[in-house]
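These are the residues of each chain, in order.
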Amino acid sequence: MEFGAAESPTVPLTPPDSFSTLSRSSVDWAAVYARVLPSLVSVVSEEGAGSGFFVTEDGHVITNLHVVSGAEQIYVVLQDRSRHEAELIARDAGNDLVLLRIEAEEIEINVPSFGGLDELRVGDPVGALGAPFNLPNSLTVGIISALDRTRPSGTGTYEPLRAMIQTDAALNPGNSGGMLVDERGRVVGIPTQIESADRSSGGIGFAVSAEAMLRSLPRMLEGEDVERSYLGVSLASTGDRLEILEVVCESAADRANLRVGDVLLQINGESADSFAALVEVMAEIAPGDEMTVTVRRGFRRLTAETTASAWPTEPPDLGCG
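From a predicted model like this one, the values you see are computed outputs, not experimental measurements.

Participant: I keep staring at the overall build of the protein and nothing clicks. Help me out?
Facilitator: Looking only at helices and strands, the protein has five helices and 21 strands in total. Relative to its length of 321 residues, the protein is compact, with a C-alpha radius of gyration of 21 Å against a globular reference of 20 Å. The buried share of the protein, reckoned over its 321 residues, is 49%. The long-range share in the protein, meaning contacts at least 24 apart out of those at least 6 apart in sequence, stands at 61%. Accessible surface computed for the protein: about 15,600 Å², of which carbon and sulfur atoms make up 47%. The average position of the 23 basic charges and that of the 48 acidic charges among the side chains of the protein differ by 6 Å.

What follows is the structure in structure tokens.
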């Protein structure tokens, strides 16, 4: 989705044949904690503190971008309490992620395993590990409250955070960048935001999926910031179609002469008739790339060429098209 109201999240519910088959197994959170704790680190700078975890054996650490935004010096604190200066390698502002690296010689590094979104269900147990209020190695537990939430990023871009995992596991300042793990100790998300009037846990927290992080990681390991392209429209989902409500001036859509009322069909020949399909196809297009946009305008099918835009960092100028 570009701009406009968020869709209601899809609930991947598969009911049992009979409610008599339902059971809830006990999770040994002490065992899960022991398994994943060696991967957890604290991330500190003059801008504040948060959490992180290793993603490679040569010292790469993932945390939230907002944890270190504006910092001149960043340090990673390991489980043995040793403190290591970190280099900022790459950013993914659209997912509020940043990749750091410390010198890993003579350091025993543990990289966790990861789980995918397709394995998660609303109601599944999860645990959050991090350093809330500078209390390192804290574990809170809860369930997955919802899937596929969309949230504003808050990292200097208007690109929204998509496919977020909502949880009632207590998240507080300092949990950001840590690990949201399933009952098998696999990282399924990175705690990123809370919904609260006073910045303390209200039982509504959000995590960027590990799946989104893993998609960005190869480019980040190459030292490249991850940027996704932006069409520049506000859309409404009506039945099985996406209708353009507004066009952002000087965006890719504006340059393609798209108009309010056009129905979006394809990007580069790939289906873009749903929010999910649009997000997927735009993720494969870098800002500055040439692209084609196909729409239906009245009874006509039109295809126009344009250049992909980067997501804006200031409020967009709506009203064109």
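Participant: Would you mind going over the packing of aromatic side chains with me for this structure?
Facilitator: For any pair of aromatic rings, the description rests on two quantities: the centre-to-centre distance and the angle between the ring planes. Within this structure, the stated rule accounts for two aromatic pairs. Aromatic pair Phe-53 and Phe-114: ring centres 6.3 Å apart, planes at 50 degrees, arrangement tilted. In this pair, Phe-53 is assigned in strand E2 (residues 48–54) and Phe-114 in the loop between strand E6 (97–101) and strand E7 (125–130), connecting sequence segments 61 residues apart. Residues Tyr-230 and Trp-311 carry aromatic rings whose centres are separated by 4.5 Å and whose planes lie at 45 degrees to one another, so their mutual orientation is tilted. With Tyr-230 in strand E13 (residues 229–230) and Trp-311 in the loop between strand E20 (309–310) and strand E21 (318–320), this residue pair connects regions lying 81 residues apart in the sequence. Pair check on accessibility: Tyr-230 and Trp-311 agree, each one buried. The aromatic ring of Tyr-75 is capped on one face by Arg-83, whose charged end is 4.4 Å from the ring centroid.

Participant: For this particular structure, what's the right way to read the side chain of Ser-45?
Facilitator: Locating Ser-45 in the fold gives a position in strand E1 (residues 40–45). One polar contact links the side chain of Ser-45 to the main-chain amide nitrogen of Glu-47, over a distance of 3.0 Å.

Participant: Sorry, what's going on with the sheet that holds strand E12 (residues 205–209) here?
Facilitator: Across a sheet, paired strands are connected by hydrogen bonds in the backbone, their directions being either parallel or antiparallel. Here we have six strands rolled up into a closed barrel, ordered E7-E8-E9-E12-E11-E10, and antiparallel in their pairing. Taking the axes of each pair of neighbouring strands and ignoring which way they run, one obtains an average angle of 45 degrees across the sheet. Bridge analysis of strand E8 (residues 138–151) against strand E9 (residues 161–167) gives four bridges, and the strand direction is antiparallel. Looking at E9, one finds that Ala-146 is bridged to Gln-166. Running at roughly 35 degrees to E12, helix H3 (residues 210–221) makes contact with strand E11 (187–194) and E12 of the sheet.

Participant: What exactly am I supposed to notice about H3 here?
Facilitator: An α-helical turn contains 3.6 residues, so a residue and the one three or four places further along point in the same direction. Over its 12 residues, H3 extends 16 Å from the first C-alpha to the last, a length consistent with the 16 Å expected when each residue adds 1.5 Å. Every buried residue belonging to H3 is among Ala-210, Ala-212, Met-213, Ser-216, Leu-217 and Met-220, and all of these are buried. Down the axis of H3, the sector holding all buried residues measures 140 degrees, keeping them to one side. Each element contacted by the buried residues of H3 is listed here: E2, strand E3 (60–64), strand E5 (83–92), E6, E11 and E12. Taken from the residues just after H3, Gly-223 is the one with a positive phi, measuring 85 degrees.

Participant: So what exactly am I meant to see when it comes to the sheet that holds E2 here?
Facilitator: Here six strands make up a closed barrel; going around it, the order is E1-E2-E3-E6-E5-E4 and the pairing antiparallel. Mean inter-strand twist for the sheet, computed between neighbouring axes without regard to direction, equals 40 degrees. Of the pairings in the sheet, the one linking strand E4 (residues 74–77) to E5 comprises four bridges and is antiparallel in character. Across the sheet, Ile-74 pairs through a bridge with Ala-86, a residue of E5.

Participant: What exactly am I supposed to notice about the state of the cysteines here?
Facilitator: By the definition in use, this model includes one disulfide. Note on cysteine connectivity: Cys-249 is disulfide-linked to Cys-320, with sulfurs 1.8 Å apart. Given an S-S torsion of about 90 degrees, the disulfide between Cys-249 and Cys-320 has right-handed geometry. Of this pair, Cys-249 sits in the loop between strand E15 (241–248) and helix H4 (252–255) while Cys-320 sits in strand E21; the two residues are 71 residues apart in sequence, bridging distant segments of the chain. In this structure, Cys-249 and Cys-320 share a single accessibility class: buried.

Participant: Which parts of the structure should I look at to understand the nonpolar core?
Facilitator: One recurring pattern in soluble globular proteins: nonpolar side chains tend to sit buried together. Among the nonpolar cores identified, the biggest contains 28 residues, and Phe-53, Val-55, Ile-62, Leu-99, Met-179, Val-181 and Met-213 are the most heavily contacted of them. Mapped onto this core, the elements with two or more residues apiece are helix H1 (29–36), E5, E6, E9, strand E10 (179–181), E11, E12 and H3. Not counting chain neighbours up to four residues away, the residues in contact with Met-179 comprise Val-36, Ser-39, Leu-40, Phe-53, Pro-112, Gly-127, Ala-128, Leu-129, Val-187, Gly-189 and Pro-191. Among the nonpolar cores identified, the runner-up in size contains 22 residues, and Val-233, Leu-264, Leu-278 and Ile-285 belong to it.

Reading guide: rules and limits
Residues numbered from 1 in each chain as written. Predicted model: local features only at pLDDT ≥ 70, side-chain atom pairs only at ≥ 80, totals over all residues. Heavy atoms only, no water. Helix = DSSP H or I, 4+ residues; strand = E, 2+ residues; numbered from the N terminus. Rg over C-alpha atoms; globule rule 2.2 N^0.38 Å. Buried < 20%, exposed > 50% of the residue type's maximum accessible area, 1.4 Å probe, protein only. Contact = heavy atoms within 4.5 Å. Areas by Shrake-Rupley, 256 points an atom, 1.4 Å probe, with all protein chains shown as cover. Lys, Arg positive; Asp, Glu negative; His and termini not counted. Charge placed at Lys NZ, Arg CZ, Asp CG, Glu CD. Phe/Tyr/Trp six-rings, centres within 6.5 Å; stacked < 30°, edge-to-face > 60°. Lys NZ or Arg CZ within 6 Å of the ring centre and 35° of its normal. Polar contact = N/O pair within 3.5 Å; in protein donor to acceptor, adjacent residues only side chain to side chain. Pairing = 2+ DSSP bridges. Axes fitted to C-alpha atoms, helices over the stretch in contact; angles between N-to-C directions. Expected span 1.5 Å × (residues − 1). Arc of directions from axis to C-beta. Disulfide = S-S within 2.5 Å. Core = buried A, V, L, I, M, F, W, Y, C linked by side-chain atoms within 4.5 Å.

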